[in-house]
Amino acid sequence: MLGWAVLRSMVRLRVSSREILNQIHIMGVQSIPIVLVTAVLAGIVTSQQGGYQFTGTIPLYVMGSVVVESVVLELGPVLTAVVLVGRIGARITAELGTMKVSEQMDALYSVGRDPVAMLATPRIIAGVIVVPILTAMAVIVGIIAGQISAQLTLGLGWEAFFYGARLFWHNWDMVYSLTKAVVFGLAIPVISIHMGFRTKGGAAGVGRTTTASVMFMTLTILILDALFPPLLLQ
Amino acid sequence: MIRFRRIHKAFDEPVLTGVDLVVREGEMFGLFGPSGTGKSVLLKTTIGLIVPDRGDVLLDGESVYFGDPGFLDRVRRRIGYVFQHAALFDSMSVFENVCMGIAEDDLRRMKRKEACGRAWEALELVNLEPRQVLNKLPAELSGGMKKRVGIARAIVGRPDILLWDEPTTGLDPVNTAAVERLIDRLSGELEVTSMIVTHDIEGGLIMCDRVAMLSAGTLQFCGTPEDFRKSTDPVVRAFADRAGAEAALDNQLKVI
């Protein structure tokens, strides 16, 4: 039902471009710091663990491949999505849920406005745009952090690091990563909006629905993540 | 004219069970009743905020639920709805809130100056100083001011019907009297049909041309305020006496 209403509002051009830009700012620009911090830490941890396991057993330049492939295929899109579940998804559910229980949603209907066109569609469009961009940024920053960490702790220079990275690199990997990001970018706002729209029961209801929404979004991200390899990496 | 025809609505339990009611054109109609008897539910069925399980609402003879699918949209443009707790949009300024009451297509055609003029005029009609409140957010307003902004939003679209859902709930006696005077004045000045759900029986009896009382989901009484005062129906009497005593106590507590 929500998907149909969103499509109808897009076809009828009932969506405010100003609101889409506003949502891109809130969901995208304001999320950059937390996404980048997470990506830096993910890159460092991958590099450190790789170093611990490979030293003395496998040529260290393989580290480049491990860090790059881990960040591109898995950590970049999944960690970004999980961070955004908390940063964006919870916010959307709580915001729309509060509007629902305080009759603001009814007020929109009463003045002849379509809450889906006003509230849902801009958030979904913004999600599909910003999550891949944030994922691409996280991937780049995560790789750089991993390389710097490898250099500082293992003495692995950037030439050796990227030599190793190229050995196992496929261009498809980046397409795979961004495809995941687009799907996650769709799933987070769709689930959070759906939960927000069905909130009831006052302030306690908003709390309950937001918690359920975060759990549901996180599980959905992880399940979708598990479905991607058999579908796109065969 | 609004005609409610055999309205049935149940949530977990039945709330309305076959309510028949007519609100005549140009009159101010009051709806009383104990809490939980479906007054607000009945009001909300008028503009499709709650869809009845059975029955229909007719506006000037045209069915809201069984007629032209686009009719509900047109109905919403003709009706101004004042919510119990104002239901202002938190993230919008007073100006944006009031402008939401203007039909979307009209608002797109309007220049900002014209929209500003309409909002200004509506705020003045509800006794607010536009210069002081126009750029404020709802969180910066008092309860009484929020109600007035909610009323301004309902009237800015120049509706011919106004629906008031407990507009004085939560206000102190001074603000209650002020809002009631405002409702009375606006209904006269704007020449609209008004339907008001209220717990303030005395205020309602003074303002309204006709009143009705719901009890346990059915229509218990419908007539003039004079008939209501003289009614010997034990249910009506019990409600009126209890409501009067509660109002007196409430007023005393608020003064203390």
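Further up the page is the structure itself.
The shown structure was predicted, so the numbers you read here are calculated from the model rather than taken from an experiment.

### Examining the environment of Phe-239 of chain B
All names here are of chain B. Inspection of the secondary structure puts Phe-239 in helix H11 (residues 234-255). For Phe-239, a relative accessible area of 6% corresponds to the buried category. Through-space distance from the C-alpha of Phe-239 to that of Ile-201 is 9.7 Å; in sequence the pair is 38 residues apart. With residues near it in sequence (within four places) discarded, Phe-239 still touches Phe-32, Gly-33, Pro-34, Ile-201, Met-213 and Phe-228.

### A look at the pattern of salt bridges
Overall, the coordinates contain 21 salt bridges over all chains when judged by the stated rule. Here Glu-74 of chain A ties to Lys-180 of chain A by a salt bridge, and the two come within 3.1 Å at their closest N and O atoms. Taken together, the residues Glu-74 of chain A in helix H4 (residues 62-101) and Lys-180 of chain A in helix H8 (residues 171-197) connect sequence positions 106 residues apart. In this structure, the salt-bridge partner of Glu-202 of chain B is Arg-229 of chain B, at a minimum N-O distance of 3.4 Å. Here the residue Glu-202 of chain B occupies a position in helix H9 (residues 201-207), and Arg-229 of chain B occupies one in helix H10 (residues 225-230), the gap between them amounting to 27 residues. For Arg-229 of chain B, a relative accessible area of 36% gives the class partly exposed.

### Some remarks on the interface of chain A and chain B
The interface of chain A with chain B comprises 16 residues on the first partner and 25 residues on the second. Summing both sides of the interface, chain A and chain B together bury roughly 1,600 Å²; the carbon and sulfur share of this comes to 50%. The tally of links between chain A and chain B comes to three salt bridges. In this structure, Lys-44 of chain B and Asp-106 of chain A form a salt bridge, with 3.9 Å as the shortest nitrogen-oxygen distance. Taken together, chain A and chain B are joined by five residue pairs in polar contact (both at pLDDT 80 or more). Broken down by element, the residue count for the side of chain A that touches chain B peaks at six residues, all from helix H5 (residues 104-110) of chain A. Across the side of chain A that touches chain B, the residue classes tally to seven nonpolar, four polar and five charged.

### With respect to the sheet that holds strand S3 (residues 28-32) of chain B
Residues and elements named next belong to chain B. Spatial ordering of the open sheet is given by S6-S7-S8-S3-S9-S10, a layout of six strands whose pairing is mixed. Both edges of this open sheet fall to strand S6 (79-82) and strand S10 (218-223), since each of them pairs with a single strand only. Recorded for the sheet is a direction-independent mean angle of 15° between the axes of neighbouring strands. Both strand S7 (residues 161-165) and strand S8 (residues 193-197) contribute to a ladder of five bridges, which runs parallel. Each residue of the ladder has a partner; that of Leu-162, found in S8, is Ser-194. The strands touched by helix H7 (residues 143-155) within the sheet are S6 and S7, with S6 carrying the most contacts at an inclination of about 170°. Relative to S3, helix H8 (residues 173-189) is tilted by about 145°, and along the sheet it contacts S3, S7 and S8.

### A closer look at unusual backbone geometry
All names here are of chain B. Notably, Arg-6 is not glycine yet its phi reads approximately 45°, a positive angle. With respect to the element layout, Arg-6 can be found in strand S1 (residues 2-10). Non-glycine residue Ala-86 carries a positive phi angle of around 70°. Tracing the backbone through its elements, the reader meets Ala-86 in the loop between S6 and helix H3 (94-99). Taking relative accessible area as the criterion, Ala-86 reaches 4% and is therefore assigned buried.

### A word on helix H6 (residues 115-154) of chain A
All names here are of chain A. Under the 1.5 Å per step criterion, the end-to-end length of H6 is 55 Å for 40 residues, consistent within 8% with the ideal 58 Å. Helix geometry: H6 is bent most strongly at Thr-121, by close to 30°, with proline Pro-122 lying one to four residues after it. By the N-cap criterion, in which a side-chain oxygen at the helix start approaches the backbone nitrogen of a residue two or three places on, H6 is capped by Asp-114, the distance to Val-116 being 3.0 Å. Phi for Gly-155, located one or two positions after H6, is positive at around 70°.

Thresholds, definitions, all that
- Residues numbered from 1 in each chain as written.
- Chains lettered and ligands numbered in written order.
- Predicted model: local features only at pLDDT ≥ 70, side-chain atom pairs only at ≥ 80, totals over all residues.
- Heavy atoms only, no water.
- Helix = DSSP H or I, 4+ residues; strand = E, 2+ residues; numbered from the N terminus.
- Buried < 20%, exposed > 50% of the residue type's maximum accessible area, 1.4 Å probe, protein only.
- Contact = heavy atoms within 4.5 Å.
- Salt bridge = Lys/Arg side-chain N within 4 Å of Asp/Glu carboxyl O.
- Buried area = accessible area lost by both parts, 1.4 Å probe.
- Polar contact = N/O pair within 3.5 Å; in protein donor to acceptor, adjacent residues only side chain to side chain.
- Nonpolar A, V, L, I, M, F, W, Y, C, P; charged D, E, K, R; others polar.
- Pairing = 2+ DSSP bridges.
- Axes fitted to C-alpha atoms, helices over the stretch in contact; angles between N-to-C directions.
- Expected span 1.5 Å × (residues − 1).
- Bend = angle between axes of the 7 residues up to and from the residue.

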